[in-house]
Structure formats: structure tokens, C-alpha cells
Amino acid sequence: MSKREIDSRPLVMHVIYRFATGGMENGIVNLVNQLPHESYRHVIVCLTTSGEFESRIQRPDIDVVELHKRAGKDIAVYWRFFRLVKKLRPAIVHTRNLGTVDLSIVAKLAGVPVRIHGEHGWDNSDPTGTNRKYLALRRLCRRFISRYVTVSLD
């Protein structure tokens, strides 16, 4: 495909906190490697940095973008994410776990038609999933999420 041609395959933007060792990250690698190349494009966005899992991606057309979020509340990361979404224009943004759920709001504001959120387990600081602050954040983001994907009944 020449640079002048428009790639009509939908772009799926996978958003994670960090692309390092873990079951969720392994799932992303398997997904992007196995979905039909002719049907989808992918980009993996890391709020912080990428890790060793990047080397497991077998498709050369998949980019990994690092947003270099600073520790704590880094408000500027929302602006960087918004600009990236506007530039890449994904058809789907798939956020994963508590660390990225609020980016579903930014994706909606940026005009992404489908926003999926995956929960792959509770946060380390909330192993029972009962933290009121985290529950309120998930409740707030609920109206900005098109679909949920979970790995357990919890």
C-alpha cells in the first residue's frame, strides 16, 4: 500500500499502564499477533513506558507509544493522550484496568466511536475491589464506556 492510499482497516488503540510482564500484557501480544492482519491495525499506548513484551510483537506494522506519565497525578498525560487520539483517529480505544479507565472519558471527548474497557483483576492497592474512591471512579467512567471485557465474575 502506498503512502497516498488510505488504510481503511479500523485502528484499535490498546491502552495500558506499562507494557511489561503480566497476563494482561500477554493477552494483548496474543491478540495483536493473531487477529487477521488484513482486518485490523493496532497501536499499543503505554501511559508510562514499554517493557520487554514489546519484543514479542511479531507484526512490524504495530507501533508502541510511550506517554511517559510521571508518578502521581500527571494532568499533562491527558493532553498528550488526547492529541495522540486526534492524530491517529482510532475506531476503537480499549483501556485496561483501573490505571487507564479514566482515559475512556478523554477518548469520548476526542470523538472515538467505540470505547472498550477491560478489567483483568483488582488493583494491587485494592485486592478486594472495595475501595470507595476506585469504585466511584469506575462509576463515573461507566457512561463513557461502550463495552466491558472482564476475566472473572468479580
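Throughout what follows, the structure given in this document is the object of discussion. (Residues numbered from 1 in each chain as written. Predicted model: local features only at pLDDT ≥ 70, side-chain atom pairs only at ≥ 80, totals over all residues. Heavy atoms only, no water.)

1. Re the pattern of salt bridges
- One pass over the structure, following the stated rule, counts eight salt bridges.
- Here Arg 70 and Asp 74 are joined by a salt bridge, their closest N and O atoms 3.1 Å apart.
- According to the relative accessible area criterion, Asp 74 is buried, its value standing at 3%.
- Three or more residues are tied together by salt bridges with common partners; here these are Asp 7, Arg 9, Arg 41, Arg 59 and Asp 61. (Salt bridge = Lys/Arg side-chain N within 4 Å of Asp/Glu carboxyl O. Buried < 20%, exposed > 50% of the residue type's maximum accessible area, 1.4 Å probe, protein only.)

2. As for helix 2 (residues 76-88)
- Between its terminal C-alpha atoms helix 2 stretches 19 Å, which fits the 18 Å expected from 13 residues at 1.5 Å a residue.
- Burial in helix 2 covers these residues: Val 77, Phe 81, Leu 84 and Val 85. Seen along its axis, helix 2 keeps its buried residues to an arc of 100°; they face one direction. Those residues of helix 2 that are exposed and aimed more than 90 degrees away from the buried face are Trp 79 and Lys 87. (Helix = DSSP H or I, 4+ residues; strand = E, 2+ residues; numbered from the N terminus. Expected span 1.5 Å × (residues − 1). Arc of directions from axis to C-beta.)

3. Here we look at the packing of aromatic side chains
- Scanning the entire structure with this criterion turns up two aromatic pairs.
- Between Trp 79 and Phe 82, the ring centres sit 5.7 Å apart and the planes meet at 15°, which makes this aromatic pair stacked. Taken together, the residues Trp 79 and Phe 82, both in helix 2 and three residues apart, mark about one turn of the helix.
- Here the basic side chain of Arg 56 rests over the ring of Phe 53, its NZ or CZ set 4.9 Å away from the ring centre. (Phe/Tyr/Trp six-rings, centres within 6.5 Å; stacked < 30°, edge-to-face > 60°. Lys NZ or Arg CZ within 6 Å of the ring centre and 35° of its normal.)

4. Details of the nonpolar core
- Counting residues in each nonpolar core, the largest one holds 17 residues, and the members touching the most others are Met 13, Val 15, Val 45, Leu 67, Phe 81 and Val 93.
- Every element with two or more residues in this core is listed here: strand 1 (11-16), strand 2 (41-46), helix 2 and helix 3 (103-109).
- Counting residues per element, this core draws most heavily on helix 2, at four residues.
- Core analysis: the next-biggest nonpolar cluster, separate from the first, contains twelve residues, Phe 19, Ile 44, Cys 46 and Ile 57 among them. (Core = buried A, V, L, I, M, F, W, Y, C linked by side-chain atoms within 4.5 Å.)

5. What to know about the sheet that holds strand 4 (residues 92-96)
- Spatially, the six strands line up as an open sheet ordered 3-2-1-4-5-6, and their pairing is parallel. Each edge of the open sheet carries a strand with a single partner, namely strand 3 (63-66) and strand 6 (147-150). The average angle at which neighbouring strand axes cross in this sheet is 20°, direction not considered.
- Bridge count for strand 5 (residues 114-119) against strand 6 is four bridges, and the pairing is parallel. Pairing of Gly 118 across the sheet is with Val 149, part of strand 6. (Pairing = 2+ DSSP bridges. Axes fitted to C-alpha atoms, helices over the stretch in contact; angles between N-to-C directions.)

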